[in-house]
Amino acid sequence: MNIKNNINNFRQNLPAGCELVAVSKTKPIEAIKEAYAAGQRVFGENKVQELVPKHEALPKDIAWHMIGHLQSNKVKYIAPFVSLIHSVDSAKLLEEINKQAAKVNRIIPCLLQLHIAEEETKFGFSEDDVQKLFQSPEFQNLQHIEVRGLMGMATLTTDEAQIRKEFHGLRMFFNTLKSLPLPPQVTMEELSMGMSSDYKIAAEEGSTLIRVGSAIFGERTYQH
Ligand SMILES: *Cc1c(COP(=O)(O)O)cnc(C)c1O
């Protein structure tokens, strides 16, 4: 794997308005430094216990994105520095992020994770849940979060039509929300969709943030 070449290739081939989040989970500091030397500044991690030491060890101009399921009791460890949380999957988690952001006097940008895949999962909002959230009185009190957009993961399948349908549906919902009057802390600027196996389809369907790990850093030796 030539990390530098991979980063450069991605950068050159992404459509305007689509940014690369280099997913460095399970990869060592050295691999991240190589990507950094190629100019990459946005990195994604899916575990708090990995994100915190990497943030401490690496240059402070890196924007760290949390992309994996986040437990409420761990929000406090990343609240001081995290740039964007892609994986907000419940109102309860959003409230905890707001609370911890207030303590460190920040407004933390967040994406709401929508459940778009066919697979059964405990995680993610439905379209209905999002509309209800924005209308709830509790949401109006959250002054330390910004809902900057949505995130979704397509079904793990080789059926490209299925993947495209799911990304397209999320883009349509994103557009619908953008056309509505929304609470002031909702900005709807980012749509996070696409990983190594499906980022091309995601980019065609209007993704603004692709989260790519193995296509840059190589296969992971163990799965998270
Ligand atoms: C691991 C991970 C990715 C990147 O996966 P690759 O297939 O290695 O590109 C993207 N998004 C999330 C949420 C992940 O956990």
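Every value quoted in this text rests on a predicted model; they were computed, and no experiment measured them.

**Quick look at the overall build of the protein chain**
Thought 1: A tally of helices and strands in the protein chain yields ten helices and eight strands.
Thought 2: Its C-alpha atoms give the protein chain a radius of gyration of 17 Å, within 12% of the compact-globule value 17 Å for 224 residues.
Thought 3: Based on the C-alpha atoms only, the size of the protein chain along its principal axes is roughly 50 × 45 × 30 Å.
Thought 4: Within the span of the protein chain, comprising 224 residues, buried residues form 54% of the whole.
Thought 5: In the protein chain, the share of contacts with a sequence separation of at least 24, taken over all contacts with a separation of at least 6, comes to 60%.
Thought 6: A total of about 10800 Å² of accessible surface is found on the protein chain, and carbon and sulfur atoms cover 50% of it.

**Topic: helix α3 (residues 48-57)**
Thought 1: Turning to α3, its buried residues number three or more, namely V48, E50, L51, V52, K54 and H55.
Thought 2: Where the residues of α3 are buried, they touch α2 (29-37), β2 (42-45), β3 (63-66) and α4 (75-78).

**Here's the deal with helix α6 (residues 127-135)**
Thought 1: Along α6, the residues that are buried comprise V130, L133 and F134. All buried residues of α6 lie within an arc of 95 degrees about the axis, which places them on one face of the element. When the buried face of α6 is taken as reference, the exposed residues oriented beyond 90 degrees from it are K132 and Q135.
Thought 2: The elements touched by buried residues of α6 are α5 (91-103), β5 (108-114), α7 (137-140), β6 (145-152), α8 (160-179) and β7 (186-193).

**Notes on the pattern of salt bridges**
Thought 1: All chains considered together, the criterion is met by eight salt bridges.
Thought 2: Its salt-bridge partner being K54, residue E45 comes within 2.9 Å of it at the nearest N-O pair.
Thought 3: The network of salt bridges with common partners includes E45, E50 and K54.

**Things to note about the packing of α6 against α8**
Thought 1: One can describe the packing of α6 onto α8 by two numbers: an axis separation of 12 Å at closest approach and a directional angle of 20 degrees. In terms of axis orientation, α6 runs roughly parallel to α8. The handedness of the crossing between α6 and α8 is right-handed. Counted together, E127, V130, Q131 and F134 of α6 and G169, F173 and L177 of α8 form the full contact between these two elements.
Thought 2: Partitioning the contact of α6 with α8 into residue classes produces four nonpolar, two polar and one charged.

**Points about the UniProt feature "modified residue: N6-(pyridoxal phosphate)lysine" (unreviewed entry) in the protein chain**
Thought 1: UniProt marks K25 with the feature "modified residue: N6-(pyridoxal phosphate)lysine" (unreviewed entry), using the numbering shown here.
Thought 2: Position of K25 among the secondary structure elements: in the loop between β1 (19-23) and α2.
Thought 3: Given a relative accessible area of 14%, K25 falls into the buried group.
Thought 4: Residues in contact with K25, not counting those within four places in the same chain, are G44, E45, N46, E50, K54 and R220.

**Observations concerning unusual backbone geometry**
Most peptide bonds are trans, and most residues other than glycine sit at a negative phi.
Thought 1: In this model, T26 sits at a positive phi of 70 degrees, which is unusual for a non-glycine residue.
Thought 2: Within the secondary structure, T26 sits in the loop between β1 and α2.
Thought 3: Assessed through its relative accessible area of 16%, T26 is described here as buried.
Thought 4: Of note, the phi angle at N105 is positive, near 55 degrees, even though the residue is not glycine.
Thought 5: With respect to the helices, strands and loops of the structure, N105 is situated in the loop between α5 and β5.
Thought 6: Here N105 falls in the exposed class, since its relative accessible area comes to 65%.

Rules and cut-offs
- Residues numbered from 1 in each chain as written.
- Predicted model: local features only at pLDDT ≥ 70, side-chain atom pairs only at ≥ 80, totals over all residues.
- Heavy atoms only, no water.
- Helix = DSSP H or I, 4+ residues; strand = E, 2+ residues; numbered from the N terminus.
- Rg over C-alpha atoms; globule rule 2.2 N^0.38 Å.
- Buried < 20%, exposed > 50% of the residue type's maximum accessible area, 1.4 Å probe, protein only.
- Contact = heavy atoms within 4.5 Å.
- Areas by Shrake-Rupley, 256 points an atom, 1.4 Å probe, with all protein chains shown as cover.
- Arc of directions from axis to C-beta.
- Salt bridge = Lys/Arg side-chain N within 4 Å of Asp/Glu carboxyl O.
- Axes fitted to C-alpha atoms, helices over the stretch in contact; angles between N-to-C directions.
- Parallel < 35°, antiparallel > 145°, perpendicular 65-115°, else oblique.
- Left-handed = near helix turned anticlockwise from the far one by under 90°.
- Nonpolar A, V, L, I, M, F, W, Y, C, P; charged D, E, K, R; others polar.
- UniProt positions renumbered as here; feature names shortened; annotations may be inferred.

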